[in-house]
Amino acid sequence: MTELAELCRRVLAASHAEGERRGVRYSYTRPSPSRYPWQWYWDSCFAAIVWRRFEPRRSREELETLLAAMREDGFIGHVVFWDRPLTLQRLLYYNVASRTAEMTGTIQPPLLAWAWRIAIGDPAAEPRIARHHEWLRANRDLEGDGLLWLVQPDESGLDSSPKFDRVWGRLRHASYGFPLLVARNRRLAWDARRIRDRGWPVLCEVMTNVLWCLARRAAGEPSITPAIVERLWDEPRGLFLDEVQPGGERPDVSTWAALSPLALPDLPEDIGRRLVEEHLLDPRRYWLPLPPCSVSAEEPTFEPNLGRGWKRRYWRGPTWVNAAWMLWLGLRRLGYAAEAERLASRIAEAVVRQGLREYYDPLTGEGLGAIDFAWTSLALEMAEPEGYL
Ligand code: GLC
């Protein structure tokens with residue numbers, strides 16, 4: 001086993017949690033045992049993908065644990081509190097109906113079926129996945145074109161991205177106003193239609209819909225790539241931009257999410273090439289020493305290395321390995337082999353040198369944020385590709 005693989009295996013193994021809650025068995029990977037002890041939806045999907053290399057049984061257990069948390073109607077929350085209750089301080093900014101809630105009332109990017117396809121097999125053979133997709137369609141596809149709408153920035157997993165600054169203003173993530181957003185949405189049970197009908201923002205976010213599209217395709221449902229292009233592609237800028245309702249505003253900030261449709265196998269090739277050549281490979285924008293930064297270095301909001309204290313503002317510049325992997329998938333598919341390899345080796349070097357950190361300074365490669373961060377093991381998917389490509 002290479003040094004990178006051994007490092008990843010060790011962190012995944014040390015982050016494994018298992019037990020029973022009210023008769024329901026769980027077995028999942030803590031995103032970072034010291035900072036994020038519970039089960040996070042998208043972190044679990046990424047961990048399941050990497051577990052298949054070491055212990056395939058764990059991939060299945062990881063995703064089955066998400067399905068075990070699923071409500072009768074198909075809803076699965078963003079965070080599931082299996083083995084310990086929420087701390088009092090976190091109650092203020094976690095989207096729970098009460099401190100004894102078993103999971104949050106919000107979602108995270110729903111890539112479960114895609115992870116299932118990569119790590120386990122055919123998701124169509126698991127009826128609970130179909131029920132989960134049904135909930136998403138019934139509750140979050142507000143305009144009937146297949147695209148999902150979010151009610152809070154943290155539902156995208158990209159919590160404090162500057163693209164949300166204008167949308168949620170003083171109530172944005174990691175601001176003193178954020179608990180007010182949580183309290184307001186809690187009163188409406190995070191119901192997207194009620195929130196929109198009150199005139200409060202709901203967002204058709206690019207990257208969430210990319211992962212949703214991959215999950216749908218994996219489950220044998222029709223692709224929504226045409227709807228993503230139709231609604232979110234901004235031809236003059238050559239970027240995908242979110243849409244806010246009510247009002248229809250398109251926040252014009254270049255972040256890695258604007259390039260994330262590169263992960264879609266059925267993205268029209270001319271669009272993919274524009275994303276790569278005009279943005280991703282531009283050394284003034286995303287192709288920094290440790291690419292890809294999470295916000296274009298040309299944006300006035302770009303912050304390469306913030307992230308200390310309780311008001312940690314995530315996704316405002318540092319490089320995250322799940323983002324690197326999704327964009328790398330596009331580089332490979334479109335034939336940018338040398339660049340894909342460079343990306344993979346720079347990430348692998350940083351991870352071996354600094355350990356599995358939550359994110360990295362794109363200018364210096366310094367590891368930042370939480371330690372022993374499970375999804376950073378996706379570095380292996382790029383360094384030692386295997387299987388699904
Ligand atoms: C941070 C990230 C989010 C992730 C969570 C647990 O909140 O922004 O994407 O799921 O940590 O790792």
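Rules and cut-offs
- Residues numbered from 1 in each chain as written.
- Predicted model: local features only at pLDDT ≥ 70, side-chain atom pairs only at ≥ 80, totals over all residues.
- Heavy atoms only, no water.
- Helix = DSSP H or I, 4+ residues; strand = E, 2+ residues; numbered from the N terminus.
- Buried < 20%, exposed > 50% of the residue type's maximum accessible area, 1.4 Å probe, protein only.
- Areas by Shrake-Rupley, 256 points an atom, 1.4 Å probe, with all protein chains shown as cover.
- Lys, Arg positive; Asp, Glu negative; His and termini not counted.
- Charge placed at Lys NZ, Arg CZ, Asp CG, Glu CD.
- Polar contact = N/O pair within 3.5 Å; in protein donor to acceptor, adjacent residues only side chain to side chain.
- Contact = heavy atoms within 4.5 Å.
- Pairing = 2+ DSSP bridges.
- Salt bridge = Lys/Arg side-chain N within 4 Å of Asp/Glu carboxyl O.
- Phe/Tyr/Trp six-rings, centres within 6.5 Å; stacked < 30°, edge-to-face > 60°.
- Lys NZ or Arg CZ within 6 Å of the ring centre and 35° of its normal.
- Near = heavy atom within 4 Å.
- Nonpolar A, V, L, I, M, F, W, Y, C, P; charged D, E, K, R; others polar.
- Core = buried A, V, L, I, M, F, W, Y, C linked by side-chain atoms within 4.5 Å.

### Here we look at the overall build of the protein chain
Part 1 of the reasoning: The secondary structure content of the protein chain amounts to 15 helices and 10 strands.
Part 2 of the reasoning: On the principal axes, the C-alpha backbone points of the protein chain span a range of 50 × 50 × 45 Å.
Part 3 of the reasoning: Counting the 389 residues in the protein chain, one finds 63% classified as buried.
Part 4 of the reasoning: For the protein chain, the exposed surface amounts to about 14,400 Å²; the carbon and sulfur share of it is 49%.
Part 5 of the reasoning: Separation between the mean location of the 52 positive side-chain charges and that of the 53 negative ones in the protein chain comes to 5 Å.

### Remarks on the side chain of Ser 377
Part 1 of the reasoning: With respect to the element layout, Ser 377 can be found in the loop between strand E10 (367-368) and helix H15 (379-383).
Part 2 of the reasoning: With relative accessibility at 0%, the residue Ser 377 sits in the buried group.
Part 3 of the reasoning: Only 2.6 Å separates the side chain of Ser 377 from the backbone oxygen of Ala 374, close enough to count as a polar contact.
Part 4 of the reasoning: Excluding its chain neighbours within four sequence positions, the residues that come into contact with Ser 377 are Cys 8, Leu 12, Val 50 and Leu 356.

### Concerning the pairing of strand E1 (residues 16-21)
Part 1 of the reasoning: Direction of pairing for E1 relative to strand E2 (residues 24-29): antiparallel, over a ladder of 6 bridges. Across the sheet, residue Ala 17 finds its bridge partner in E2, namely Tyr 28.
Part 2 of the reasoning: The loop that links E1 with its antiparallel partner E2 comprises 2 residues; one of these, Arg 22, has a positive phi angle of about 40°.

### Examining the pattern of salt bridges
Part 1 of the reasoning: Counted according to the given criterion, the structure contains 38 salt bridges.
Part 2 of the reasoning: The closest approach of N and O atoms between Asp 83 and Arg 30, which form a salt bridge, is 3.0 Å. Of this pair, Asp 83 sits in the loop between strand E4 (79-80) and helix H4 (88-91) while Arg 30 sits in the loop between E2 and strand E3 (39-40); the two residues are 53 residues apart in sequence, bridging distant segments of the chain.
Part 3 of the reasoning: What makes Asp 83 partly exposed here is its relative accessible area of 28%.

### Examining the packing of aromatic side chains
Part 1 of the reasoning: With the rule as written, the count across this model stands at 28 aromatic pairs.
Part 2 of the reasoning: Considering the side-chain rings of Phe 164 and Trp 168, the 5.7 Å spacing of their centres and the 75° angle between planes classify their relative orientation as edge-to-face. Residue Phe 164 shares its accessibility class with Trp 168, and that shared class is buried.
Part 3 of the reasoning: Aromatic side chains Trp 320 and Trp 375 sit 5.8 Å apart centroid to centroid with 40° between the ring planes, which places their arrangement in the tilted category. One end of the pair, Trp 320, is in the loop between helix H12 (269-280) and helix H13 (321-333); the other, Trp 375, is in the loop between E10 and H15, with 55 residues separating them in the sequence. Grouping residues by exposure puts Trp 320 and Trp 375 together as buried.
Part 4 of the reasoning: Above the face of the Trp 51 ring, Arg 58 is positioned so that its terminal group lies 5.4 Å from the ring centre.

### Concerning the site of the ligand
Part 1 of the reasoning: Near the ligand, the surroundings consist of Pro 31, Tyr 36, Trp 40, Trp 42, Asp 43, Gln 108, Gly 157, Asp 159, Trp 315, Glu 358, Phe 373 and Trp 375.
Part 2 of the reasoning: In the environment of the ligand, an oxygen atom lies 2.6 Å from a nitrogen or oxygen atom belonging to the backbone of Gly 157.
Part 3 of the reasoning: A distance of 2.8 Å is found between an oxygen atom of the ligand and a side-chain nitrogen or oxygen belonging to Asp 159.
Part 4 of the reasoning: Relative to its unbound accessible area of 310 Å², the ligand is 95% covered by the protein chains.
Part 5 of the reasoning: Its residues placed into classes, the shell around the ligand shows 7 nonpolar, 2 polar and 3 charged.

### Digging into the nonpolar core
Part 1 of the reasoning: With 143 residues, the main nonpolar core has Trp 42, Leu 112, Phe 240 and Trp 325 as its most contacted residues.
Part 2 of the reasoning: Not counting residues up to four positions away in its chain, the partners in contact with Trp 42 are Gln 108, Pro 109, Leu 111, Ser 156, Gly 157, Leu 158, Met 207, Leu 211, Trp 315, Asn 322 and Trp 375.

### Examining the environment of Trp 116
Part 1 of the reasoning: Here Trp 116 is to be found in helix H5 (residues 112-119).
Part 2 of the reasoning: By relative accessible area, which is 3% here, Trp 116 ends up buried.
Part 3 of the reasoning: With 91 residues separating them in the primary sequence, Trp 116 and Met 207 have C-alpha atoms 19 Å apart.
Part 4 of the reasoning: Dropping the residues within four chain positions of it, Trp 116 is found in contact with Arg 60, Leu 63, Glu 64, Leu 67, Gly 121, Asp 122, Pro 123, Glu 126 and Ile 129.

None of this, on its own, says anything about what the molecule does.
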